[in-house]
Amino acid sequence: MVMPPDIEAQILRYYHAEKWKIGTIAAQLHIHHGVVRRVIAQHSGLPQATPPRRPSQIDAYLPFILQTLEKFPKLSASRLYVMVRERGYPGRPDHFRHLIAAHRPRPKAEAYLRLRTLPGDEAQVDWALCRVRHSAHYAANRTMPSTEEIAASIVQAG
């Protein structure tokens, strides 16, 4: 969502000239404090500080996991968990499966051509009606009708 310039100007004035805190500005203008932070960061010219990434339990085993998945892309996560567990991985299997899903190589998308025809070029038949009509309740009509019989019934109904 694009912030209107007048609101941006108010945010910057409250922050720089009035020395208001971010929470106070957000409450006064009825906007989220993250929006206030973003506007201030955009106009300060400094990159927005992001918290450092916390190390994961899987980081030490990631080279082995990626190498194994490269060789065996269809290897199940539970089998891979047993292999990594033998090497000292302390984590639980459910969290491990979640992490493996993010690192598993994805198959390449297949290209396909959608079949497009003009109206009247093709016909479709709903054979469900034939199955109902020729079910076990109708002992006399247990066979599928021929195309000539279907055509005759269409002409009759005509």
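Residues numbered from 1 in each chain as written. Predicted model: local features only at pLDDT ≥ 70, side-chain atom pairs only at ≥ 80, totals over all residues. Heavy atoms only, no water.

Quick notes on the side chain of Thr-68
Structurally, Thr-68 is set in helix α4 (residues 62-71). Other than its neighbours up to four places away in sequence, Thr-68 contacts Leu-75, Leu-80 and Met-83. (Helix = DSSP H or I, 4+ residues; strand = E, 2+ residues; numbered from the N terminus. Contact = heavy atoms within 4.5 Å.)

A few points about the pattern of salt bridges
Per the stated rule, a full pass over the model turns up two salt bridges. Note that Arg-13 is salt-bridged to Glu-18, the shortest N-O span being 3.4 Å. Here Arg-53 ties to Asp-59 by a salt bridge, and the two come within 3.5 Å at their closest N and O atoms. With relative accessibility at 28%, the residue Asp-59 sits in the partly exposed group. (Salt bridge = Lys/Arg side-chain N within 4 Å of Asp/Glu carboxyl O. Buried < 20%, exposed > 50% of the residue type's maximum accessible area, 1.4 Å probe, protein only.)

What to know about unusual backbone geometry
In the Ramachandran plot, Lys-19 falls in the positive-phi region, its phi being about 60° despite a non-glycine side chain. Positionally, Lys-19 belongs in the loop between α1 (5-17) and α2 (22-29). For Lys-19, a relative accessible area of 64% corresponds to the exposed category. One non-glycine residue, His-30, lies in positive phi territory at about 60°. Locating His-30 in the fold gives a position in the loop between α2 and α3 (33-44). Note on His-30: relative accessible area 72%, which makes it exposed.

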